[in-house]
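Topology and contacts: notes
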Amino acid sequence: MSAQERIVDLLTSRATEGLSEEEAMELDDTLHHLTDMREDELELAAAAVDLAFESAAGDVEPMPGHLKQRILEQGRAHLKSRPVNVTRFPRAVKPESRLLDGRNIGWWVAAAMLVLALWSPWSRQDKTPPPASTLAEQRETLLRDAGDAIRVAWTKPEVPGYEKVDGDVVWSSERQAGFMRLRGLPTNRNTVEQYQLWIVDPSRDERPIDGGVFDIPAGSSEVIIPIDAKLRADNPKVFAITLEQPGGVVVSDGPLLVVAPVDA
Amino acid sequence: MAACVDRYANLVWSLARRFTSGGTEAEDAVQEIFIELWSSADRYDSTKASETTFIAMVARRRLIDRLRKRKREPGMEEIEAAVDLDTPGPAEATEVKDEAERAKRLIRTLKPEQQRIIELAVYHGHTHQSIADALGMPLGTVKTHLRRGLLRVREAMQGPGAAPGGEAVS
């Protein structure tokens, strides 16, 4: 079996029964050999097939109203959270974005762009944005300028492989913005797993707030990651990091790899 | 955003119910899928697939991952009767219904054996091994049918007139 055939075989499995961790890593390592199709084309074909059978079987059932409401709230929070991450701004307004070709998905992002435009102080005055500051500078600015900003250190982790992690979290509830500073967190393979931040705010809900997924690139000594809270966190008590499937999860099974308790 | 959620909520919910044990697990899965959609919308390419198909793909990817995590027991599934593709679909959002009809036309271009194997793997979520066991076929034959069948559907999706909003190759 040629390398190309093996990749198509793996892509067929991914589109139907899924891949084991080993197979996912193999695909990740060999995908650059794929020349005559995009990597998601068989998954799109499987999705089309699924739509056909689902429609014929009459399986479509209305989503419960409370769940639809929760999703709308999450969506709004997600759009609002985007301006926090200044580094994403240039990408969001990129005029050649293929997203603008879409119909409804394009609308979602258009809404995000509108929010960005309204939030951006220079959008109404000067069309040329000032040079973006580094994340380290943004973190320092938040610490200096936000009156309520807190800084909490990661406690010494006990999970094997994570003992050397240190750094801190800076968070402003007023601005709903913050940054993680991490040293010693092992590199992840983002096609297999991604780190996810959780913010525990008992005043809001028992369930922790998704603080966004992130990667640790190979060879990095210290990284600063903007916090991308999907919901408001007004009184955070704990920040914690888990390792999850790519894209993150809604509810984590843990374990908590690194933790920063606010009142410690 | 509300209109978009309205349009695709039932599709995603139905997929989640089929791939999970229902209840809270299905609700968690649906939330994960929509978060993924909010975050990955910039991967959508309208020249490759319709919005409906893209959303179904993102949902399926997440649901298949969850199913693998649950470590389904191979060989224990019962093989379902074939779904009659000529059955008219229920009342759905127009975009979903149009896309489903287009996909039905694509599937009808496949050999009956390929149709059946693809239905068992893609729609009913059986493992390749359990399909091989149930149909008394070598595992390699099942994989070959799946690979060729999906490649055929992919080609038809990309053929002339198969672009979103157009007519599929028959």
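A quick note: this is a predicted structure, and the numbers were derived from the prediction, not measured. (Residues numbered from 1 in each chain as written. Chains lettered and ligands numbered in written order. Predicted model: local features only at pLDDT ≥ 70, side-chain atom pairs only at ≥ 80, totals over all residues.)

So, the overall build of chain A
Counting its regular elements, chain A contains seven helices and eight strands. Here chain A holds 264 residues, and the buried ones make up 35% of them. Considering only contacts in chain A between residues 6 or more positions apart, those separated by 24 or more positions represent 61%. (Helix = DSSP H or I, 4+ residues; strand = E, 2+ residues; numbered from the N terminus. Buried ≥ 20, exposed ≤ 12 C-beta atoms within 10 Å, placed from the backbone. Contact = placed C-beta atoms within 7 Å.)

Here we look at the overall build of chain B
Counting its regular elements, chain B contains seven helices and zero strands. Within chain B, the fraction of its 170 residues that count as buried is 48%. Excluding contacts between residues fewer than 6 apart, the proportion of contacts in chain B whose partners are at least 24 apart in sequence is 64%.

As for the sheet that holds strand E8 (residues 258-261) of chain A
Residues and elements named next belong to chain A. Strand order in the open sheet made by the four strands is E5-E4-E7-E8, with antiparallel pairing throughout. With one partner strand each, in any of the chains shown, strand E5 (209-214) and E8 form the two edges of the open sheet. Put simply, the sheet's adjacent strands are angled 20° from each other on average, direction ignored. Looking at chain direction, strand E4 (residues 194-200) and E5 are connected through four bridges and run antiparallel. Looking at E5, one finds that Gln196 is bridged to Val213. (Pairing = 2+ DSSP bridges. Axes fitted to C-alpha atoms, helices over the stretch in contact; angles between N-to-C directions.)

Remarks on helix H3 (residues 41-57) of chain A
Its 17 residues give H3(A) an end-to-end C-alpha distance of 24 Å, which sits within 8% of 24 Å, the value for a rise of 1.5 Å per residue. Counting buried residues along H3(A), 17 of its 17 residues qualify, which places the element largely inside the surrounding structure. (Expected span 1.5 Å × (residues − 1).)

Structural notes on the environment of B:Arg147
In this fold, B:Arg147 is placed in helix H7 (residues 139-158). Exposure remark for B:Arg147: the 20 C-beta atoms within 10 Å place this residue in the buried category. Non-local contacts of B:Arg147, meaning those with residues more than four positions away in its chain, are made with A:Val8, A:Asp9 and A:Thr12.

A look at the nonpolar core
For soluble globular proteins, the rule of thumb is that nonpolar side chains tend to be buried together. Ranked by size, the top nonpolar core spans 70 residues in total, and within it A:Ala48, A:Val49 and B:Val12 carry the most contacts. Ranked by the residues each element gives to this core, the list is headed by H3(A), at twelve residues. A:Val49 has contacts with B:Ala103, B:Ile107, B:Ile118, B:Val122 and B:Val153, leaving out every residue within four places of it along the chain. (Core = buried A, V, L, I, M, F, W, Y, C linked by C-beta atoms within 7 Å.)

A short note on the interface of chain A and chain B
Taken together, the contacts link 58 residues of chain A with 69 residues of chain B. Every element with two or more residues in the side of chain A that touches chain B is listed here: helix H1 (3-16), H3, helix H4 (65-81) and helix H6 (104-119) of chain A. Among the residues making up the side of chain A that touches chain B, the classes are represented as 29 nonpolar, 13 polar and 16 charged. (Nonpolar A, V, L, I, M, F, W, Y, C, P; charged D, E, K, R; others polar.)

Quick word on the sheet that holds strand E3 (residues 177-183) of chain A
Residues and elements named next belong to chain A. Taking strand neighbours across the sheet as the criterion, the four strands line up as E1-E2-E3-E6 in an open arrangement whose pairing is antiparallel. Lying at the two open borders of the sheet, with one neighbouring strand each, are strand E1 (150-153) and strand E6 (222-226). Across the sheet, the mean angle separating the axes of adjacent strands is 15° when strand polarity is ignored. Direction of pairing for E3 relative to E6: antiparallel, over a ladder of five bridges. Within E6, the residue paired with Met180 across the bridge is Ile225.

Things to note about unusual backbone geometry
Residue A:Pro255 is reached from A:Gly254 by a cis peptide bond, and omega for that bond is 0°. Turning to its location among the elements, A:Pro255 is positioned in the loop between strand E7 (238-244) and E8.

Digging into the packing of H3(A) against H7(B)
Where H3(A) meets H7(B), the closest approach of the two axes is 9 Å, and the angle between their N-to-C directions is 90°. By the angle between their directions, the pair H3(A) and H7(B) is classed as roughly perpendicular. Between H3(A) and H7(B), the residues in contact are A:Glu41, A:Leu42, A:Leu44, A:Ala45, A:Ala46, A:Ala48 and A:Val49 and B:Leu150, B:Val153, B:Arg154 and B:Met157, respectively. When the residues that make up the contact of H3(A) with H7(B) are grouped by side-chain class, the tally is nine nonpolar, no polar and two charged. (Parallel < 35°, antiparallel > 145°, perpendicular 65-115°, else oblique.)

Focus: the environment of B:Ser130
Among the secondary structure elements, B:Ser130 is positioned in helix H6 (residues 128-135). We classify B:Ser130 as buried; it has 23 C-beta atoms within 10 Å.

Notes on the confidence of the model for chain B
All names here are of chain B. Per-residue pLDDT for chain B averages 81, and the proportion of residues at 70 or more is 80%. Predicted confidence in chain B is weakest over helix H4 (residues 94-107), with a mean pLDDT of 77, and strongest over H6, with 93. Here residues 163-170 is modelled with pLDDT under 50, and outside its nearest four sequence neighbours on either side it reaches 17 contacts, counting other chains as well. Confidence metrics for the complex model read pTM 0.61 and ipTM 0.85. (pLDDT = per-residue confidence, 0-100.)

With respect to the packing of H1(A) against H3(A)
Residue and element names in this part refer to chain A. For the pair H1 and H3, the least separation of the axes is 8 Å and the interaxial angle reads 35°. At the point where H1 passes H3, the crossing takes the right-handed sense. For the pair H1 and H3, contact is made by Leu11, Thr12, Arg14, Ala15 and Thr16 and by Leu42, Glu43 and Ala46, respectively. Tallied by class, the residues present in the contact of H1 with H3 amount to four nonpolar, two polar and two charged. (Left-handed = near helix turned anticlockwise from the far one by under 90°.)

Quick notes on the environment of B:Tyr8
Residues and elements named next belong to chain B. Secondary-structure assignment places Tyr8 in helix H1 (residues 2-19). The exposure class assigned to Tyr8 is buried, which follows from the 24 C-beta atoms found within 10 Å. Sequence spacing of Tyr8 and Thr52 is 44 residues, and the spatial spacing of their C-alpha atoms is 7.6 Å.

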